[in-house]
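Examination of the molecular architecture
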Amino acid sequence: MVGEATTDSPRGALARVRRALRGGEDGPPPAVPVRDDAHEEETGGDDFADVLASVSAFLTGRDIDAEFYLALNVDIRRAGIDPLGHYLRFGIAEGRIFHPALSVEPADGSTDPSEDVSPVFRVDGDPFVLRIVDERRDLDAYLGPLNRDEELRMASVRFREFLSESGIDATYYMAAHPDIGRSGLEPVEHYLRHGIPEGRLFHPRARLVVSPADQDQPEWEDADVVLRIGTNDYRFFTLPLLEAVADTVIDQARDQWTHEPSLFAFGLPAVQHLRMVVAGNYPARLEFDVGELLGHLDGSFGAVVVASDLTGEYSARRVSDLTWALARLGMRTLVVRTDTPVEDDRGGPDRALDGDVVVVDWDRVCRVNRVTMLARLVNAVKPEVMLVVDAPTGFEAVVELGVGLSSVTRLACVYPSTGNLPQDGGSAARYAGLTAPYARTFVTTRAGAGVMDDLWGPAARSAARALPQRVPLADETVLRVRLEDRMEQMAQRADGRHWLWWSPPGSGYALLERVAGARPADRFDVLVRDGDERPVRDSLPVGVRCVGPDDVAASVAEIDGIVLAHPSAGSARMALEMSQYLVPLVLSDAEVFREVLDPGAAVFARPDGVGDESEVALSDALDHLAGLGPDEVGNLVSTAWSLVRDRHSDEAYLVELSGALGLGDD
Amino acid sequence: MTDVSVVVVFHGERSLAVPALASMADLVDVARSAGLTVEAIAVLDRGDALTRRVVEAAGAWLDVRDEVEFGDLGLARNHAAQRAGGEYLAFLDGDDLWGSDWLAAAYRSATAPGQPPEAIWHPEYLLLFDREDFGRPNLGELPHPGTHSFWLAHQPSTDPGFDRRMLLFENAWSANAFAPRSFHLRYPYRAVDRDRAHGIEDWSWNIETVWAGVPHLVVPGTVHLIRLKGNGSLNARNQAEGLLPYIPDGVGLGG
């Protein structure tokens, strides 16, 4: 009965389907066999082609595609026919729904195509239009429960094929879980719907690995079947049948039972079916892929750096600076990344690391007992130094095995904290006191180091220190050109001023709006660095633009100054970097800034905060900077540049880091 | 010369020493029945009073009962190696049991023609058992899904799939090994260094001997019965104490 229309009108059918979509009592849409025959009298030929083209253009222009229709109507997907054509020809009459954002309704003579209404088309001779009724385009809310049923049905088919091919049946599952028989559910269906989420074992030989969808790893390629259910992939591996333990061995064990009655507490009849572990099979025994690890480790390493990931601004830059310095100190570095990022979720690909570096993704190597195994790796590598850069797994290794680790290497824990606990130091607040007895403590600022010493100094191995920052210095020839450009810009400037604003992504725009509002003659742009999340247009004050990283070098000569109002490690870093462009700096009067630049190198706005006072202070500071003459501005930017050169050059960084790690102490 | 000295080390096993001594007696009987001369030794290292009484009462048949005050399993074994007179030495932990063929079969393997003169021998299987499994009844021939007890099959170091660097991450053999006594004198166990949190005497010894080129082999058809304690992990104690194995100079991931 191909494509037989229901007796409902399209509206009635749609209402029924919508009730089903909402989980109403009618259940899911009817499984009507798909039809792809042509109804020439109404929908065939050139007329229909025109209708199809016009409706298709209407939907395309509104970002509505056939994904929902195909997901919901497996018969159409499998038939491989054009979904919109099917919908217009048959789907409407059959009560199917093309997209939840659409309504289909009869057209009368007054219905004209518009932004929300499609061209008129005919079904069974009657005119209809599609109307946009819902601006939402996110299909997840609609598709989730519907897809789940279809996914489970498909999964059960494939899982049964897997069982058949593997020679595994449901006997174990039913025997091990007597409640399943009482539930009345068929065992495979029970397992997929309930057993997996409840952590039940289907069969000792069916090993299951669950991962977020599309997370492929080399060792998973051998999966016997992959089931996609919801947002996860369920991979099943058939474990080989192990050779049965010889009867003579079991007899020897049984002979000892009279000495120790608990020997067969598991039940002697089950002795041949106990789990069998091969000692040398570390992936199966320990979920530790030693082959994956050893494949990366050739030769020796002078340093191990443990980092959570290498995509975040703080972690990536810190690790890259460290590996650069360690290479210059003659150390090859093994970087253990404890959390492999999902690229799309973390704002970009890995940053390249400087130095002689091998990166190991701990997620791919070790799935359980990660802390102990990490400590054993370091124990085996015996590096001269081990640095943990804001990585909880590494911090825990130091906490749990710090005595042993500190006897084979110099330990240092790097916390992204200015001492303002716990606001900017979640990991510092949690771990710093526990790692301090075994490891050197590095934080972002000297003030932060003072806070650490006040809190945990008596138990600490050594005083906490501010880990220096390494800043790429501009070449002096380039600087001279930039200084000349700066002087020329000041000579030509008009009344209004042009300021760059930077704050950690997503914050600080309310203050910017107030400051910009108070200075209508000035122009403000927001600086977006490489790797920063670009602010949403609507979140920026009116008239404020984004300046991308590629524009900075070209435009800094035209800028009267950069405003860094938000005290943070990232802002301090920005101040140091902008000093090399000879851009005048306007900074909030915060410790994190005072530590890196003197009053003679920047204009400090007082007080710090986000209220009106801060707005006034910043505006006053901008007035002050705007009032300075060319020589005064020249002195300001030159002083900033030379301070950074003295404190943050490659050489200064190497000396500082070497001293902080105690290298050369022995 | 005595063929085999079998040494069981106790410290605070208390009542668990009873089945261990009974199982050890089976070992010795089978070995002697096979024509071997066997010296049975018990070393009580800083033992508590109850364990001492148990060893006295249940170990009257032993050839030697020795008390030491090392407080260190490795040093107690080293003491026994010095004290023993056998050509081969078999160490036993005082809370385990052993298939009764172990000594005789290990001696046969170690002295069989064509075998390396210096090798360390391990049982083919361990049956790791947990008395808590009484609360997890089996389903006929199927164990309860939550059963802790399991089989572990030892792998020889000569196996093509064995990469000695794996040993740096996890021990591959249990402590109850069989080897020439001269070998134990040359490669004594290292004491636990609690100030540096390094130790785990048998694991460290396995690393040292493998890197020294000594093969670790398995004796076919043999089994040791290892008692699981605490959370059921062999390494629970070592992890709880935060210990790491010694890695001798020259040993590392480079190969």
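Residues numbered from 1 in each chain as written. Chains lettered and ligands numbered in written order. Predicted model: local features only at pLDDT ≥ 70, side-chain atom pairs only at ≥ 80, totals over all residues.

Description of the overall build of chain A
Rules: The secondary structure listing takes helices from DSSP runs of H or I that are at least 4 residues long and strands from runs of E that are at least 2 residues long, numbered from the N terminus. For the exposure call, what matters is how many other C-beta atoms sit within 10 Å of a residue's own: 20 or more marks it buried, 12 or fewer exposed, and in between partly exposed, using C-beta atoms placed from the backbone. Here, residues touch in the contact sense if the C-beta positions derived from the backbone fall within 7 Å of one another.
Each helix and strand counted, chain A has 26 helices and 20 strands in total. The buried share of chain A, reckoned over its 666 residues, is 39%. The contacts of chain A with a sequence gap of at least 6 include a subset with a gap of at least 24, amounting to 66%.

Details of the overall build of chain B
We apply this condition: Throughout, the radius of gyration refers to the C-alpha atoms, and the reference size of a globule is 2.2 Å times the residue count to the power 0.38.
Scanning chain B from N- to C-terminus turns up seven helices and eleven strands. For chain B, whose C-alpha radius of gyration is 18 Å, the value lies close to the compact-globule estimate of 18 Å for 255 residues. With the C-alpha coordinates aligned to their principal axes, the bounding extent of chain B is approximately 50 × 50 × 40 Å. Within the span of chain B, comprising 255 residues, buried residues form 53% of the whole. Taking as baseline every contact in chain B between residues at least 6 positions apart, the subset at least 24 positions apart corresponds to 78%.

Description of the nonpolar core
Here is the rule we go by: Note on definitions: a nonpolar core is a set of buried residues drawn from Ala, Val, Leu, Ile, Met, Phe, Trp, Tyr and Cys, linked by C-beta atoms within 7 Å.
Membership of the largest hydrophobic core comes to 163 residues, with the highest contact counts inside it found for Val6, Val7 and Leu103 of chain B. Val7 of chain B has contacts with Ile41, Val43, Arg77, Ala80, Ala84, Leu89, Phe91 and Leu92 of chain B, leaving out every residue within four places of it along the chain.

Here we look at unusual backbone geometry
Residue and element names in this part refer to chain A. A positive phi is found at Lys382, a non-glycine position, where the angle reads about 50°. Structurally, the position occupied by Lys382 is in the loop between helix H15 (370–381) and strand S11 (385–389). A residue is classified by how many C-beta atoms lie within 10 Å of it, and Lys382, with 18 of them, is partly exposed. Even without glycine at this site, Asp390 takes up a positive phi of about 50°. Within the secondary structure layout, Asp390 lies in the loop between S11 and helix H16 (392–406). By the C-beta count within 10 Å, which is 25 here, Asp390 ends up buried.

Side note on the pairing of strand S3 (residues 64–68) of chain B
Residue and element names in this part refer to chain B. We apply this condition: By this definition, two strands are paired if DSSP reports at least two bridges between them. Look down the strands so they point away from you; if the path from the first strand over the helix to the second goes clockwise, the crossover is right-handed.
Sheet topology places strand S2 (residues 38–45) next to S3; five bridges connect them, and they run parallel. In the sheet register, Ile41 faces S3, and the bridge partner there is Val64. Remark: the S2/helix H2 (residues 49–58)/S3 crossover connection has right-handed handedness.

Overview of helix H10 (residues 247–255) of chain A
Going by this rule: What the arc covers is the set of directions going from the helix axis to the C-beta atoms.
Regarding H10 of chain A, the residues found buried are Val249, Gln252 and Ala253 of chain A. Down the axis of H10 of chain A, the buried set is contained in an arc of 95°. They therefore lie on one face. Here the buried face of H10 of chain A lies against strand S6 (120–129) and strand S10 (216–227) of chain B.

Some words on the interface of chain A and chain B
As a reminder, the rule being used: Classification convention: Asp, Glu, Lys, Arg as charged; Ala, Val, Leu, Ile, Met, Phe, Trp, Tyr, Cys, Pro as nonpolar; all other residues, Gly among them, as polar.
At the interface, 50 residues of chain A touch 56 residues of chain B. It is H15 of chain A that contributes the most residues to the side of chain A that touches chain B, seven residues altogether. Counted by class, the side of chain A that touches chain B contains 30 nonpolar, 14 polar and six charged residues. By the bridge criterion, four bridges tie strand S7 (residues 275–278) of chain A to strand S7 (residues 150–153) of chain B in an arrangement that is parallel. Pairing of Arg275 of chain A across the sheet is with Phe150 of chain B, part of S7 of chain B.

Overview of the packing of helix H1 (residues 17–33) of chain B against H2 of chain B
All names here are of chain B. Rules: Inter-axis angles, ranging from 0 to 180 degrees, are taken between N-to-C directions of lines fitted to C-alpha atoms, where helices are fitted over the stretch in contact. Orientation categories follow fixed angle ranges, with anything under 35 degrees roughly parallel, anything over 145 roughly antiparallel, 65 to 115 roughly perpendicular, and all other angles oblique. Crossing handedness follows the turn of the near helix against the far one: under a right angle anticlockwise gives a left-handed crossing, and clockwise gives a right-handed one.
Relative orientation of the contacting elements H1 and H2 amounts to 30°, with a least axis distance of 9 Å. Classified by the angle their axes make, H1 and H2 are roughly parallel. Crossing geometry of H1 relative to H2 is assigned as right-handed. When H1 is examined against H2, the residues Ala17, Val18 and Leu21 are found in contact with a partner set consisting of Thr51, Val54, Val55 and Ala58. Here the residues of the contact of H1 with H2 are counted per class, giving six nonpolar, one polar and no charged.

Quick word on the confidence of the model for chain B
The line we're drawing: pLDDT is defined as a per-residue confidence score from the predictor, taking values between 0 and 100.
For chain B, the average pLDDT comes to 93, and 95% of its residues sit at 70 or higher. Among the prediction metrics, the complex's ipTM stands at 0.94, with pTM recorded as 0.74.

Some details on the sheet that holds strand S19 (residues 585–588) of chain A
All names here are of chain A. Ordered by their spatial adjacency, six strands build an open sheet running S17-S16-S15-S18-S19-S20, and the pairing between neighbours is parallel. Of all strands in the sheet, those with a lone pairing partner are strand S17 (545–547) and strand S20 (603–605), marking the two edges. Averaged over all adjacent pairs, the angle separating strand axes in this sheet is 30°, with direction ignored. Pairing geometry for strand S18 (residues 561–564) and S19, over three bridges, is parallel. Pairing of Leu564 across the sheet is with Leu587, part of S19.

Section: the pairing of strand S12 (residues 410–414) of chain A
Residue and element names in this part refer to chain A. Summarising burial for S12: five of the five residues are buried, a large majority. Neither face of S12 is left uncovered, since the one carrying Arg410, Ala412 and Val414 and the one carrying Leu411 and Cys413 both have all their residues buried. The pairing of S11 with S12 spans five bridges and is classified as parallel. Bridged to Met386 within S12 is Leu411. Following the backbone out of S11, through H16 and into the adjacent parallel S12, one traces a crossover that is right-handed. As judged from the three bridges shared by S12 and strand S13 (residues 440–443), these two strands associate in the parallel manner. Opposite Val414, over in S13, you have Phe442 as the bridge partner.

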